[in-house]
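# Remarks on the overall topology
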Amino acid sequence: MRSIIGWASRAQYVEHVTIRAVLFDWRGTLVVSPTPEEWVADGLRRAGRPHDAAIVSEIATRIRESNGDEDRMDAPGLDADVALHRAAFMEVFSDAGLDEELAEALYGSELDYASNRFANDAVLTIRALVRAGILIGVVSDIHFDIRPAFASVGLADAISSYSLSFEVGAQKPHPDIYDHALTSLGVAPQEAIMVGDRARPDGTAVEHGIVSLLLPPLRSTDDERLELVLKLAL
């Protein structure tokens with residue numbers, strides 16, 4: 001590990017900080033989530049129904065319109081409450097005119113960690129950090145257990161801490177989820193880096209004294225940009 005010079009929260013200048021932990025967001029940072037069309041197609045397959053392009057497009061459009069500009073399926077607090085999350089999704093499906101069987105199939109797809117594919121460089125990056133003695137924490141606004149996702153790619157032993165919103169009861173940027181991550185890893189804010197893909201949930205870690213690295217959201221598993229994390233942390 002080497003020292004870096006960085007800025008912490010409230011414009012406090014921190015010299016020669018030793019990085020002991022890297023906190024990773026999950027969706028958009030380590031894994032590529034399905035597009036709305038891919039999600040709808042998977043839901044139709046699960047329901048045993050035709051899933052040609054025209055049908056998929058029509059259903060995806062109905063869901064998008066029902067969800068509205070306010071994005072009811074990503075409303076504040078949903079990922080901190082499993083029951084609330086399910087209720088919001090089912091309400092959108094109902095308003096979109098979907099039957100119960102298809103709604104359940106779509107929600108089942110949403111809960112399937114395997115639908116989210118790790119970027120090609122994710123495993124290698126995490127392994128390199130662990131070999132260097134860096135602790136790895138996962139800090140995610142999520143409504144289901146994603147530990148099996150990491151186990152599926154051989155990273156079960158590499159993750160030291162999970163701070164998942166539905167377990168913590170708070171979503172980013174609420175301080176409780178960052179406090180949980182730091183406490184569970186036994187590190188101070190200035191000893192950690194938060195890596196994410198969205199300004200408000202992830203970038204506001206700086207307000208809690210955590211140096212933050214924001215990367216463009218993953219669009220493909222071929223998007224390899226986690227080398228930046230290694231350059232910053234090692």
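I will try to describe carefully the structure that is included in this document. All values reported here derive from a predicted model rather than from experimental measurement.

### What about helix α5 (residues 122–131)?
Three- or four-residue spacings in an α-helix give side chains the same orientation, since the helix completes a turn every 3.6 residues. By the burial criterion, the buried members of α5 are Ala122, Thr125, Ile126, Ala128 and Leu129. The buried residues of α5 occupy one face: seen down the axis, they fall within an arc of 160°. Facing away from the buried side of α5, by more than 90 degrees, are the exposed residues Leu124 and Arg131. Taken together, the buried residues of α5 touch β3 (21–24), β5 (117–118), β6 (135–140), α6 (147–152) and α10 (227–233).

### Thoughts on the pairing of strand β9 (residues 211–214)
Of the two faces of β9, only the one carrying Val211 and Leu213 is buried; Ser212 and Leu214 on the other face are not. In terms of strand pairing, strand β8 (residues 192–196) meets β9 through 4 bridges, oriented parallel. The residue of β9 that forms the bridge with Val195 is Leu213.

### Brief notes about helix α2 (residues 53–67)
Taking 1.5 Å of rise per residue, the 15 residues of α2 would be expected to cover 21 Å, and the 21 Å separating its terminal C-alpha atoms lies within 8% of that figure. Those residues of α2 not exposed but buried are Val56, Ile59, Ala60, Ile63, Ser66 and Asn67. Relative to the axis of α2, the buried residues are bounded by an arc of 125° and lie together on one face. Projecting away from the buried face of α2 at angles above 90 degrees are the exposed residues Ala53, Ala54 and Glu65. Those residues of α2 that are buried lie in contact with α1 (36–46), α3 (82–95) and α4 (100–110). Two or three places before Ala54, at the opening of α2, Asp52 has a side-chain oxygen 3.1 Å from that residue's backbone nitrogen. Count one or two residues on from α2 and you reach Gly68, which has phi positive near 80°.

Analysis parameters
- Residues numbered from 1 in each chain as written.
- Predicted model: local features only at pLDDT ≥ 70, side-chain atom pairs only at ≥ 80, totals over all residues.
- Heavy atoms only, no water.
- Buried < 20%, exposed > 50% of the residue type's maximum accessible area, 1.4 Å probe, protein only.
- Helix = DSSP H or I, 4+ residues; strand = E, 2+ residues; numbered from the N terminus.
- Arc of directions from axis to C-beta.
- Contact = heavy atoms within 4.5 Å.
- Pairing = 2+ DSSP bridges.
- Expected span 1.5 Å × (residues − 1).
- Polar contact = N/O pair within 3.5 Å; in protein donor to acceptor, adjacent residues only side chain to side chain.

Keep in mind that these numbers describe shape and distance, not what the molecule does.
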